[in-house]
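Chain residues, written in single-letter form:
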Amino acid sequence: MNGRREMEQRSLELPPVVSHTNGLPIYFLTGKNYLYQTLYCIQSLIKSSAAQFKFILVDDGSFNAALMERVAKQLPGAQVITVEQISENLQNTLPEARYPYLHKKRAVYPHIKKLTDVHTIPGDDWKLVLDSDMLFWHAPREIITWLYAPQQPLHMIDCTEAYGYSQQLMEQLAGAPVKPLLNVGLSV
């Protein structure tokens with residue numbers, strides 16, 4: 001717990017990273033409890049790559065004026081998709097009357113917002129979502145290549161199976177084989 005507090009405190013001292021309007025778009029579901037991780041992830045990304053990025057932060061429901069001010073200072077040019085925008089997007093694309101279970105699940109399982117909230121943002125383009133707790137040690141060549149010309153879904157491979165449900169049940173529900181070791185810490 002002390003390590004987390006120290007990271008949170010030191011993240012306030014991280015230098016600004018410019019989000020480029022025409023940069024390669026990367027989305028983060030983030031907020032009050034995760035912005036410090038998002039900032040470290042972004043710092044590691046720009047230190048390991050010469051590419052220019054456009055950072056789109058998707059409000060997990062905890063953004064406030066102070067957080068918006070911090071983003072403006074530490075990620076100048078970054079776009080923030082507010083909870084109000086998300087709510088409107090959800091009503092337009094996944095209305096609660098038609099998808100009541102999805103809305104209930106979204107309320108109790110916040111990680112599903114990476115799939116719902118981000119992908120309701122208007123535009124037909126692919127959306128690469130990174131988990132905030134990732135760090136880059138080397139240039140992510142495969143990710144950058146994909147960002148320039150996305151053709152198919154992209155995901156990470158996990159070190160252990162962590163689905164929480166049996167393979168048989170997931171394949172029954174999906175109606176198709178489910179890839180083993182799929183990690184959605186990087187998802188499209």
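Let us look at the structure shown here.

Thresholds, definitions, all that
Residues numbered from 1 in each chain as written. Predicted model: local features only at pLDDT ≥ 70, side-chain atom pairs only at ≥ 80, totals over all residues. Heavy atoms only, no water. Helix = DSSP H or I, 4+ residues; strand = E, 2+ residues; numbered from the N terminus. Rg over C-alpha atoms; globule rule 2.2 N^0.38 Å. Buried < 20%, exposed > 50% of the residue type's maximum accessible area, 1.4 Å probe, protein only. Contact = heavy atoms within 4.5 Å. Areas by Shrake-Rupley, 256 points an atom, 1.4 Å probe, with all protein chains shown as cover. Lys, Arg positive; Asp, Glu negative; His and termini not counted. Charge placed at Lys NZ, Arg CZ, Asp CG, Glu CD. Axes fitted to C-alpha atoms, helices over the stretch in contact; angles between N-to-C directions. Parallel < 35°, antiparallel > 145°, perpendicular 65-115°, else oblique. Left-handed = near helix turned anticlockwise from the far one by under 90°. Nonpolar A, V, L, I, M, F, W, Y, C, P; charged D, E, K, R; others polar. Core = buried A, V, L, I, M, F, W, Y, C linked by side-chain atoms within 4.5 Å. Arc of directions from axis to C-beta. Polar contact = N/O pair within 3.5 Å; in protein donor to acceptor, adjacent residues only side chain to side chain.

### Overview of the overall build of the chain
Here is step 1 of the chain: When its secondary structure is counted, the chain shows eight helices and seven strands.
Here is step 2 of the chain: The globule rule puts the C-alpha radius of gyration for 188 residues at 16 Å, and the 17 Å found for the chain is close to it.
Here is step 3 of the chain: Within the chain, buried positions represent 39% of all 188 residues.
Here is step 4 of the chain: The contacts in the chain between residues at least 6 apart in sequence include a share of 72% that link residues at least 24 apart.
Here is step 5 of the chain: Approximately 11,600 Å² of the chain is accessible, and the part contributed by carbon and sulfur atoms is 55%.
Here is step 6 of the chain: Mean positive and mean negative side-chain charge positions of the chain (17 and 18 charges, respectively) differ by 2 Å.

### A look at the packing of helix 1 (residues 2-11) against helix 2 (residues 35-48)
Packed helices, taken two at a time, are described by the angle their axes make and the gap between the axes.
Here is step 1 of the chain: Between helix 1 and helix 2, the shortest axis-to-axis distance is 9 Å and the interhelical angle comes to 65°. Here helix 1 is positioned roughly perpendicular relative to helix 2, judged by the angle of their axes. Both helix 1 and helix 2 take part in a crossing whose hand is left-handed. Contacts between helix 1 and helix 2 involve Arg4, Met7, Glu8, Arg10 and Ser11 from the first element and Tyr36, Leu39 and Tyr40 from the second.
Here is step 2 of the chain: A per-class count over the contact of helix 1 with helix 2 returns four nonpolar, one polar and three charged.

### Brief notes about the nonpolar core
Here is step 1 of the chain: Ranked by internal contacts, the top residues of the largest apolar core, which has 30 residues, are Ile26, Phe53, Phe55, Leu75 and Leu128.
Here is step 2 of the chain: Of all the secondary structure elements, the ones that give two or more residues to this core are strand 1 (24-30), helix 2, strand 2 (53-59), helix 3 (65-74) and helix 7 (141-148).
Here is step 3 of the chain: Sorting elements by how many residues they give to this core places helix 2 first, with five residues.
Here is step 4 of the chain: In contact with Leu75, other than residues within four places in its own chain, are Val17, Leu39, Ile42, Phe55, Leu57 and Arg70.
Here is step 5 of the chain: Counting eleven residues, the second largest nonpolar core, distinct from the first, contains Ile56, Ile86, Leu94 and Val118.

### Focus on the environment of Asn183
Here is step 1 of the chain: Counting through the fold element by element, Asn183 comes out in strand 6 (residues 182-183).
Here is step 2 of the chain: Assessed through its relative accessible area of 18%, Asn183 is described here as buried.
Here is step 3 of the chain: In this structure the C-alpha to C-alpha distance between Asn183 and Thr160, which are 23 residues apart in sequence, comes to 9.4 Å.
Here is step 4 of the chain: With residues near it in sequence (within four places) discarded, Asn183 still touches His155, Met156, Ile157 and Asp158.

### Comments concerning helix 3
Here is step 1 of the chain: When helix 3 is considered as a whole, its buried residues turn out to be Leu67, Arg70, Val71 and Gln74. An end-on view of helix 3 places all buried positions within 100° of arc, on one side of the element. Turned more than 90 degrees away from the buried face of helix 3, the exposed residues are Ala65, Glu69, Ala72 and Lys73.
Here is step 2 of the chain: Buried residues in helix 3 make contact with helix 1, helix 2, strand 2 and strand 3 (79-81).
Here is step 3 of the chain: The residue sitting at the N-terminus of helix 3 and contributing the capping side-chain oxygen is Asn64; that oxygen lies 3.1 Å from the backbone nitrogen of Ala66.

Nothing here speaks to function; it is geometry throughout.
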